[in-house]
Amino acid sequence: MKQRLGIAMSLLTDPEIMVLDEPVNGLDPEGIVEVRHMLQKLSDERNVTIIISSHLLSELSELCTDYTIINHGKLIVSLSAEELSEQCKSYICVRTDNMEKTTAILEEKLSLKDYKVFHDEELHIFEKLDKVALISKTITDNGIVITRLCEEHASLEEFYLSKVGDDNE
């Protein structure tokens, strides 16, 4: 109720801009949906710009048009929802018993270019998403054992952690 009251009080002055810190903190799922719809309505119908600071990243993905990540007071990245969507795109996740050989084989045999290796143990392939069987066959035909192979989609949380995690400080 305090969250709703705070938002209602801020609307008394008919603001052009609202700055909200954790606006759905402590709300039940029904309350979260109500606040989300209210904020969307304010933005759409009253043209209110709403700046939200929150750690509930999945909730932000339901509401925001632009994102800024700040870590320890430092601006890390600022991007639109479209740009974020591109960053959080689908990929094929592969783990093998020899990651170096796997990447060399895939580059040579399938001309693979758009991929990233994480901690020398997991490969994310961002191209040829419709060729999972071919990728699997190419790897195994070259004597490499696949320990994990699946299709995944990067979440906002994963993107956030990739920008502010230990490796990025």
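I will try to describe carefully the structure that is included in this document. (Residues numbered from 1 in each chain as written. Predicted model: local features only at pLDDT ≥ 70, side-chain atom pairs only at ≥ 80, totals over all residues. Heavy atoms only, no water.)

Quick look at unusual backbone geometry
Okay, step 1: Of note, E22 is a non-glycine position whose phi angle comes to about 50°, a positive value.
Okay, step 2: Note that E22 resides in the loop between β1 (17-21) and α2 (29-46).
Okay, step 3: A positive phi angle is found at H119, which is not glycine, with a value near 55°.
Okay, step 4: Topologically, H119 is positioned in the loop between β6 (115-118) and β7 (122-125).
Okay, step 5: Under the relative-accessibility criterion, H119 is labelled exposed at 60%. (Helix = DSSP H or I, 4+ residues; strand = E, 2+ residues; numbered from the N terminus. Buried < 20%, exposed > 50% of the residue type's maximum accessible area, 1.4 Å probe, protein only.)

Section: the sheet that holds strand β5 (residues 90-96)
Note: strands within a sheet are paired through backbone hydrogen bonds, in either parallel or antiparallel orientation.
Okay, step 1: The four strands are arranged β6-β7-β5-β8 in an open sheet whose pairing can be described as antiparallel. Strand pairing shows two members of the sheet lacking a second neighbour, β6 and β8 (146-153), which therefore form its edges. Averaged over neighbouring strand pairs, the angle between their axes works out to 20° when direction is ignored.
Okay, step 2: Most of the contacts of helix α5 (residues 99-110) go to β7, to which it runs at about 25°, and overall it touches β5, β6 and β7.
Okay, step 3: Along the sheet, helix α6 (residues 132-141) contacts β5, β7 and β8; its crossing angle with β8, the most-contacted strand, is approximately 160°. (Pairing = 2+ DSSP bridges. Axes fitted to C-alpha atoms, helices over the stretch in contact; angles between N-to-C directions. Contact = heavy atoms within 4.5 Å.)

Considering the pairing of strand β3 (residues 66-71)
One face of the sheet, then the other: side chains in a regular strand alternate in exactly this way.
Okay, step 1: On β3, burial follows the alternation: Y67, I69 and N71 on one face are buried, whereas D66, T68 and I70 on the facing-out side are not.
Okay, step 2: Linking β3 to strand β4 (residues 74-80), which pair antiparallel, is a turn of two residues; within it H72 sits at a positive phi near 55°.

Here's the deal with a nonpolar patch on the surface
Okay, step 1: There is a patch of nonpolar side chains on the surface, built from L5, M9 and L12 and spanning about 360 Å² of accessible area.
Okay, step 2: The residue L12 is located in the loop between α1 (2-11) and β1 in this model. (Patch = residues over 30% accessible without salt bridge, like charges linked within 9 Å, V, L, I, M, F, W, Y side chains within 5 Å. Areas by Shrake-Rupley, 256 points an atom, 1.4 Å probe, with all protein chains shown as cover. Salt bridge = Lys/Arg side-chain N within 4 Å of Asp/Glu carboxyl O.)

Points about the nonpolar core
Okay, step 1: Formed by 14 residues in total, the largest nonpolar core has its most connected members in Y67, L79, L84, L156 and F159.
Okay, step 2: When residues of this core are traced back to their parent elements, those giving at least two are α3 (57-61), β3, β4, β5 and α7 (156-164).
Okay, step 3: Ranked by residues supplied to this core, first place goes to α7 with three residues.
Okay, step 4: Beyond its immediate sequence surroundings of up to four residues, L79 is in contact with D66, Y67, L84, Q87 and F159. (Core = buried A, V, L, I, M, F, W, Y, C linked by side-chain atoms within 4.5 Å.)

With respect to the packing of α5 against α6
Okay, step 1: Where α5 contacts α6, the axes come no closer than 10 Å and their chain directions differ by 120°. The crossing of α5 and α6 is right-handed. Two secondary-structure elements touch here, α5 through T102, I105, L106, K109 and L110 and α6 through L134, I135, T138 and I139.
Okay, step 2: Residues belonging to the contact of α5 with α6 are distributed by class as follows: six nonpolar, two polar and one charged. (Left-handed = near helix turned anticlockwise from the far one by under 90°. Nonpolar A, V, L, I, M, F, W, Y, C, P; charged D, E, K, R; others polar.)

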